[in-house]
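In case you want the letters, here they are:
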Amino acid sequence: MIKATLFPMIAMMLFGHWFDPEEVNVSGAIALCEATPGIENYQARNTIGIQRNEEERATTILLEIVPEMMKFDQETFTVKAGDKIILEIDNLDGMQHNLLITKPGMLDKVGAAADAMLRDPKASEKFYVPEIPEVLFATKMIGPQELYTLTFTAPAEPGDYPFVCTFPGHWRMMNGIMVVEE
């Protein structure tokens, strides 16, 4: 029942108005919400999905999106400065998400820029990624049940680099820290 009541609320947030009750097919909306895999089927791993290859100076990280929770399965992960990073994002949720890595201390600025994108009719074509220098790395929108690989070189400067989903309304809850060490 909670899922069925969230659908109209989410639609209102995305589209800015309530649907006319005559236009809403409630059984279809409920079926749509029920068709997505739920949190009851989610099984957290007991180990963090990080593998490091010393010879290649490469780190592979598996980051999952927890179904129906608007969060990543890890709040933080650590990488070495200058290493090749292979970030595998597994979207186990029933809706689209993206992932951006920002400069240290820039979560609020990037989030505010993402919110401002809602006025841009081409925001979805830009994957809700603000075109500002504080965004270092970004993915496309990752569909439900899709695995996406983002490969980049970790910043040379040690620090706490926020990672975040900037799909409208997500950034305040869906964020974490990539710790870059020497």
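The shown structure was predicted, so the numbers you read here are calculated from the model rather than taken from an experiment.

Draft legend 1. Structural view of the pairing of strand 5 (residues 84-91). For strand 5, the buried fraction is high: six of the eight residues fall into the buried class. Sheet topology places strand 2 (residues 58-66) next to strand 5; eight bridges connect them, and they run parallel. Bridging from a neighbouring strand, I61 pairs with L87 of strand 5.

Draft legend 2. Representation of the side chain of T59. The topology assignment puts T59 in strand 2. Judged by its relative accessible area of 3%, T59 is buried. Among residues more than four places away in sequence, those in contact with T59 are I50, Q51, R52, D83, K84, I85 and I86.

Draft legend 3. Quick peek at the nonpolar core. If you look at the biggest cluster of nonpolar residues, it comprises 28 residues, and the most contacted ones within it are L87, L99 and M178. Among the elements of the structure, strand 2, strand 4 (76-80), strand 5, strand 8 (147-153), strand 9 (159-164) and strand 10 (175-181) are those that each provide at least two residues to this core. Aside from chain neighbours lying at most four places away, what touches L87 is I61, L63, F77, L99, I101, Y148, T149, L150 and F152. V110, V135, V164 and W171 belong to the second-largest nonpolar core, a separate cluster that totals seven residues.

Draft legend 4. Representation of unusual backbone geometry in the model. Phi angles above zero are rare outside glycine, and E68 is one such case at about 60°. Looking at where E68 falls in the secondary structure, it is placed in the loop between strand 2 and strand 3 (71-72). Judged by its relative accessible area of 33%, E68 falls in the partly exposed class. The backbone phi angle of Q145 is positive, close to 65°, even though this residue is not glycine. Tracing the backbone through its elements, the reader meets Q145 in the loop between strand 7 (135-138) and strand 8.

Draft legend 5. Here's a closer look at the confidence of the model for the chain. Overall, the prediction assigns the chain a mean pLDDT of 82, with 74% of residues at 70 or greater. Contacts for the low-pLDDT stretch residues 1-9, under 50 throughout, to residues beyond four places or in other chains number ten contacts. Across residues 17-39 the pLDDT falls below 50, and counting only partners more than four positions away or on other chains, this stretch makes 24 contacts in the model.

Draft legend 6. Representation of helix 3 (residues 107-116). Turning to helix 3, its buried residues number three or more, namely L107, V110, G111, A113 and A114. Projected onto a plane normal to the axis of helix 3, the buried residues spread over an arc of 160° and lie on a single side. At its buried positions, helix 3 is contacted by strand 6 (100-102), strand 7, strand 9 and strand 10.

Conventions and cut-offs
- Residues numbered from 1 in each chain as written.
- Predicted model: local features only at pLDDT ≥ 70, side-chain atom pairs only at ≥ 80, totals over all residues.
- Heavy atoms only, no water.
- Buried < 20%, exposed > 50% of the residue type's maximum accessible area, 1.4 Å probe, protein only.
- Helix = DSSP H or I, 4+ residues; strand = E, 2+ residues; numbered from the N terminus.
- Pairing = 2+ DSSP bridges.
- Contact = heavy atoms within 4.5 Å.
- Core = buried A, V, L, I, M, F, W, Y, C linked by side-chain atoms within 4.5 Å.
- pLDDT = per-residue confidence, 0-100.
- Arc of directions from axis to C-beta.

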